Amino acid sequence: MPLSKPRLAKDLNRRIPPSHRSDLAGVLIPEVELQKRIATMGRAIARDYAGRDVLVVSLLSGTVLFLADLLRRLPFPLRVDFLGVSSYGAGTESGNLVFNKELKLDVRGAHVLVVDDILDTGKTLRAVTDRIAALRPASIRTCVLLDKKERRVGTFEADYVGFRIPNLFVVGYGLDFAERYRNLPFVGVLKPEVYAPGPVQPKRGSA
Ligand code: PRP
């Protein structure tokens, strides 16, 4: 299957909305670029899956915005289900995986397309695809908006990739830090002092 061509978003010096200037270092992927790329991904997926029994499995919670926009670009009959999975770990690192919502729909014989917001170490998608494979689907493929390839542990590649991005702490368009920022309509970069505040400095002149 031909892959969507990944694209590197590299210009961080884009205008930050005044409401988020204190937290964001920049806008990595503006709304208009997200929508253009998702339209292209939708066309590739539609080409590959037309005429099949497709079950889109979305991983909660980070995919919500991406999923909503991608689904509108898939003009063929399909079903949608949600799998709840979170990684709990120290700070910004991927930790242990916890499945907190199971699939409702029957997977057996379906062509499953797993949609996630970001592929980082690959731990989540590897565990999810193993779990779904045990349910005997006809096929499983994966679709991610963002791919931080340099963070991968072992080998895992998504079948459809929106943007290959550098190892920056990204938020917005579904992605969170401490459950905040998911509602931003663009992908932004968080300032390090927001997610890794340093030790409190004594005030100048204090004892
Ligand atoms: C994030 C993200 C991916 C996963 C990627 O989920 O949504 O599912 O991490 O990381 P990995 O490739 O290293 O496994 P998170 O656990 O933060 O949950 P969320 O979607 O609710 O934010």
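Here the structure is a predicted model, which means the values were calculated and not measured.

## Notes on the pairing of strand β4 (residues 96-101)
Remark: a regular strand shows side chains that alternate across the two faces of the sheet.
Now for step 1: Buried residues are scarce in β4, accounting for zero of its six residues.
Now for step 2: When strand β3 (residues 78-88) meets β4, the two strands line up antiparallel, connected through five bridges. Each residue of the ladder has a partner; that of Ser87, found in β4, is Leu97.

## Looking at the sheet that holds β4
Now for step 1: Taken together, the six strands give an open sheet; going across it, the order is β4-β3-β2-β5-β6-β7, and neighbouring strands pair in mixed fashion. Where the open sheet ends on each side, the last strands, each with one partner, are β4 and β7 (160-164). In this sheet, adjacent strand axes meet at a mean angle of 25 degrees when their direction is disregarded.
Now for step 2: Helix α1 (residues 31-49) contacts β2 (54-60), β5 (111-119), β6 (139-147) and β7 of the sheet and is inclined by roughly 160 degrees relative to β7.
Now for step 3: Taken strand by strand, helix α3 (residues 123-133) contacts β2, β3, β4, β5 and β6, and its axis lies near 165 degrees from that of β5.

## Things to note about the sheet that holds strand β1 (residues 24-29)
Now for step 1: On the basis of which strands lie adjacent, the open sheet formed by three strands has the order β1-β9-β8 and antiparallel pairing. Only two strands of the sheet have a single neighbouring strand rather than two, namely β1 and β8 (170-171).

## Here we look at α3
An α-helix turns once every 3.6 residues. As a result, residues three or four positions apart point the same way.
Now for step 1: The complete set of buried residues in α3 reads Thr124, Leu125 and Val128. Down the axis of α3, the buried set is contained in an arc of 90 degrees. They therefore lie on one face.
Now for step 2: Of the surrounding elements, those touching the buried residues of α3 are β2, β3, β4, β5 and β6.

## Some words on the nonpolar core
Now for step 1: Among the nonpolar cores identified, the biggest contains 47 residues, and Val114, Val115 and Cys143 are the most heavily contacted of them.
Now for step 2: Top element by residues in this core is β5. It accounts for six residues.
Now for step 3: Sequence-distant contacts of Val115, defined by excluding residues within four places in its chain, comprise Val56, Val57, Ser58, Thr63, Phe66, Leu67, Leu70 and Cys143.

Conventions and cut-offs
Residues numbered from 1 in each chain as written. Predicted model: local features only at pLDDT ≥ 70, side-chain atom pairs only at ≥ 80, totals over all residues. Buried ≥ 20, exposed ≤ 12 C-beta atoms within 10 Å, placed from the backbone. Helix = DSSP H or I, 4+ residues; strand = E, 2+ residues; numbered from the N terminus. Pairing = 2+ DSSP bridges. Axes fitted to C-alpha atoms, helices over the stretch in contact; angles between N-to-C directions. Contact = placed C-beta atoms within 7 Å. Arc of directions from axis to C-beta. Core = buried A, V, L, I, M, F, W, Y, C linked by C-beta atoms within 7 Å.

Remember, this is a structural readout, not a statement about activity or role.
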